[in-house]
Amino acid sequence: MPSSRQYVTDAIVLTRFDYAEADRIMTLFTPTHGKLKVIAKGVRRTTSRLGGALEPLAELRVALARGRTFDVVTQVQVNHAWLRLRDSLESAATAWYLAELADRSIEERHAAEGLYALLRRAYELLDESMNPGRVARWYEMHLADELGVRPEVDRCVECDRTLEADERFRWVPPLGGVLCSRCPGPPRELTALSVEALKVLKAYQRLDAEALAGLRLPAAVEAEVEQALRDFLRVSLEREARSLQFLDEIRRG
Ligand SMILES: [Zn+2]
């Protein structure tokens, strides 16, 4: 029988860094404990039983023993390796970006089952070779939901009037979504939003991932939606994700 100091959980590695001679300190994302800081002792030795399995971009089943500062990894098993996700540099870089957003959104030892399921599903979609940009937009939109800041795309955020297709819209993340043409809004924060981009934002709220994967969209509209959601999350999470720079470089290259 395992002692009360031990427990087992599903987990996705969010961050890791080398520590001391052969250890590694990691941040794990788990459904019922939220974020966990753990230590894997001796994991960088070639003889380590844990080494090969304790990798990011995979879903693991991890046995842990409660420790004073960090809980200690005692056993690891790979639930899902998502090997195809790692084949493409863009989908791997996207996966790191999604992990960083999750890391920013969860707290230590606070259950985050919805968000865990969201990250897990996004990794599955990347592994199924769905376009990484579409996976990222789908994830960003649902992450906003999980954070309780669902973007308003149906009514004006100021006057609550239903938006009509023939008016000019502005995207105002600090106000939570779309502003109609009649409301003035804060002058510095206003970005024009095309009716096509607004439709795509609505699609990201309403359609499932498979339907989104099949949409045919002009590149300019995809770029507009990407910028809109990026701005929205930067405001919601109070700064831009660091991993976006790397992702952008890969996509340019
Ligand atoms: Zn209005």
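Calculation criteria
Residues numbered from 1 in each chain as written. Predicted model: local features only at pLDDT ≥ 70, side-chain atom pairs only at ≥ 80, totals over all residues. Heavy atoms only, no water. Donors = N, O, S within 2.8 Å, 3.2 Å for Na, K, Ca; no water. Tetrahedral: all angles 85-135°; square planar, octahedral: opposite > 155°, others 65-115°. Helix = DSSP H or I, 4+ residues; strand = E, 2+ residues; numbered from the N terminus. Buried < 20%, exposed > 50% of the residue type's maximum accessible area, 1.4 Å probe, protein only. Core = buried A, V, L, I, M, F, W, Y, C linked by side-chain atoms within 4.5 Å. Contact = heavy atoms within 4.5 Å. Axes fitted to C-alpha atoms, helices over the stretch in contact; angles between N-to-C directions. Parallel < 35°, antiparallel > 145°, perpendicular 65-115°, else oblique. Nonpolar A, V, L, I, M, F, W, Y, C, P; charged D, E, K, R; others polar.

(A) Spatial organisation of the coordination of the zinc ion. The protein atoms donating to the zinc ion are Cys 156 (SG), Cys 159 (SG), Cys 180 (SG) and Cys 183 (SG), with metal-donor distances spanning 2.3 to 2.4 Å. Note that the zinc ion binds four donor atoms; their angles at the metal cover 104 to 113°, and the shape is tetrahedral. In primary-sequence terms, the residues that donate to the zinc ion follow C-x2-C-x20-C-x2-C. Taken as a pair, Cys 156 in the loop between helix H4 (132-146) and strand E6 (169-172) and Cys 183 in the loop between strand E7 (177-179) and strand E8 (191-193) lie far apart in primary sequence, 27 residues in all. Residue classification places Cys 156 among the buried residues on the basis of a relative accessible area of 2%.

(B) How the structure looks around the nonpolar core. Counting residues in each nonpolar core, the largest one holds 62 residues, and the members touching the most others are Phe 29, Tyr 97, Leu 98, Leu 119, Tyr 123, Trp 138 and Tyr 139. Those residues in contact with Leu 119 that lie beyond four places of it in its chain are Ile 12, Leu 14, Phe 29, Leu 98, Ala 99, Ala 102 and Tyr 139. Core analysis: the next-biggest nonpolar cluster, separate from the first, contains 18 residues, Tyr 7, Leu 28, Leu 36 and Val 43 among them.

(C) The arrangement of the packing of helix H2 (residues 89-105) against H4 in detail. The contact between H2 and H4 brings their axes to 10 Å, and the two run at 10°. By the criterion of interaxial angle, the relationship of H2 to H4 is roughly parallel. The segment H2 lies against H4, with Glu 90, Ser 91, Thr 94, Tyr 97, Leu 98, Leu 101, Ala 102 and Ser 105 engaging Pro 132, Val 135, Ala 136, Tyr 139, Glu 140 and Leu 143. Residue classes in the contact of H2 with H4 are distributed as nine nonpolar, three polar and two charged.

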